[in-house]
Each structure stands twice: as structure tokens, then as C-alpha cells.
Amino acid sequence: MKRFIRVCVIMLILYVVAYDLKIGTLPQSSPANAEIQTEKQQDQKNKQKFKTYEVTPGDTLISVVEKLNSNNNYSIVSMIKDFKSLNPEVNPENIQIGKSYKFPVYHQ
């Protein structure tokens, strides 16, 4: 009898998990909210200040941002996120010598 109850409980848990993954239990957000968020994100991207800098040997994302910014009011995570938003097709780890990229400026 205990085995039967255990099997039923396990089956119920599996069903609940499968149902939650397939259909979900959280309410769906309306598309209008998604459009508003997209516009806000675009406004923030447009407000992001940057300087174009040509990469020289030995430069990394962190070293260039430190050269361009006099203060340290930024984190590495925000630096990477901002660099990716300014240069969407470029991976910050693969910047190439001699090419110009947009680097975020935080002190202005």
C-alpha cells in the first residue's frame, strides 16, 4: 500500500511539473507592455555616452574603459553589457587591434 501511495505522489509531482513547463501557471503579460519596455530600452541605449577608440596592442575592454573614464563608478558587468549594446555584433573578448569600437563613458 505504501508503494502505491508513493507511486501516486511521484506521478502527481511529475504531472504538475510537466503541466507547469508546458502551459505555465503565471499570467501572460500583454504585448502592449512589451512594446513599452522596448521603447524604454531604446531610449536608454540612445542616451548611453560613448567614445570611439582604435584598439592598440595590449588593450582590453577594461583597460580602454579605464583610460577613457577618470572615476571608477562602474562595474565590470555593466561595462560588458554597455559595450555589447554599443557594438552588438562584437564580443568584448575578441576586439581586434587596429579596429575602432565604441566604448562606454561613465563620467560625463
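Presented here is an overview of the structure given in this document. (Residues numbered from 1 in each chain as written. Predicted model: local features only at pLDDT ≥ 70, side-chain atom pairs only at ≥ 80, totals over all residues. Heavy atoms only, no water.)

Focus on the nonpolar core
For clarity, the cut-off: Residues belong to one nonpolar core when they are buried, are Ala, Val, Leu, Ile, Met, Phe, Trp, Tyr or Cys, and are joined through side-chain atoms within 4.5 Å. Only protein chains enter the area calculation, which uses a 1.4 Å probe; residues under 20% of their type maximum are buried, those over 50% are exposed, and those in between are partly exposed. Strands here mean DSSP runs of E at least two residues long; helices mean DSSP runs of H or I at least four residues long; both are numbered from the N terminus. Here, two residues are considered to be in contact whenever any of their heavy atoms come within 4.5 Å of each other.
Judged by nonpolar contacts, the single largest core of 13 residues is most densely connected at Leu 61, Val 65, Phe 83, Ile 95, Tyr 101 and Phe 103. Secondary-structure elements contributing two or more residues to this core are α3 (61–68), α4 (76–86) and β2 (100–104). For this core, the element with the most residues is α3, which contributes four residues. Filtering out sequence-adjacent residues up to four positions away, Phe 83 remains in contact with Leu 61, Val 90, Pro 92, Ile 95, Tyr 101, Lys 102, Phe 103 and Pro 104.

Some remarks on the packing of aromatic side chains
Note on aromatic pairs: each is described by the distance of the centres and the angle between the planes. Which entries qualify depends on this criterion: Only rings of Phe, Tyr and Trp enter the pairing, Trp through its six-membered ring, and a pair is recorded when the two centres are within 6.5 Å. The plane angle decides the type: under 30 degrees is stacked, over 60 is edge-to-face, the rest tilted.
This model, assessed by the stated rule, comprises four aromatic pairs. With a centroid separation of 5.3 Å and an interplanar angle of 40°, the aromatic rings of Phe 83 and Phe 103 are classed as tilted. Here Phe 103 lies in strand β2 and Phe 83 lies in helix α4, a separation of 20 residues in the sequence. Note on accessibility: Phe 83 and Phe 103 belong to one class, buried. Put simply, the rings of Tyr 53, Phe 83, Tyr 101 and Phe 103 pair up and form one aromatic cluster.

Thoughts on α3
Convention followed: The arc in question is traced by the directions running from the helix axis to the C-beta atoms.
Taken as a whole, α3 has its buried residues at Leu 61, Val 64, Val 65 and Leu 68. Down the axis of α3, the buried set is contained in an arc of 95°. They therefore lie on one face. Looking at the buried residues of α3, the elements they touch are β1 (50–54), α4 and β2.

Details of the environment of Leu 61
Along the chain, the position of Leu 61 falls in helix α3. Residue Leu 61 is classed as buried on the basis of its relative accessible area, which comes to 8%. Considered as a pair, Leu 61 and Asn 94 are 33 residues apart in the sequence and their alpha carbons are 9.6 Å apart. Look past the residues within four positions of Leu 61 in its chain and what remains in contact with it is Met 79, Ile 80, Phe 83, Pro 92, Ile 95 and Phe 103.

Side note on the environment of Phe 83
In this structure Phe 83 comes out as buried when scored by relative accessible area, which is 0%. Placed 33 residues apart in sequence, Phe 83 and Phe 50 show a C-alpha to C-alpha distance of 9.1 Å.

Quick look at the pattern of salt bridges
What counts here: Any Lys or Arg side-chain nitrogen found within 4 Å of a carboxyl oxygen on Asp or Glu counts as a salt bridge.
The tally for this structure, following the rule as stated, stands at one salt bridge. The salt bridge partner of Lys 67 is Asp 59, with a shortest N-O separation of 2.9 Å.

Some words on a nonpolar patch on the surface
Keep this limit in mind: Like-charged residues are merged into a patch within 9 Å and nonpolar side chains (Val, Leu, Ile, Met, Phe, Trp, Tyr) within 5 Å, provided each residue has over 30% relative accessible area and no salt bridge. Here the Shrake-Rupley method, with its probe set to 1.4 Å, supplies the accessible areas, and only the displayed protein chains count as covering residues.
A contiguous nonpolar surface patch, about 790 Å² in accessible area, is contributed by Met 1, Phe 4, Ile 5, Val 9, Ile 13, Val 17 and Leu 21. By relative accessible area, Phe 4 is classed as exposed at 55%.

Some points on the side chain of Asp 82
Applied cut-off: Counted as positive: Lys and Arg. Counted as negative: Asp and Glu, with His and the chain ends omitted from the count.
Its place among the elements puts Asp 82 in helix α4. One buried charged side chain, Asp 82, makes no salt bridge at all; its nearest oppositely charged neighbour is Lys 81, positioned 5.7 Å away. Apart from residues lying up to four places away in sequence, Asp 82 is in contact with Gln 48, Pro 104 and Tyr 106.

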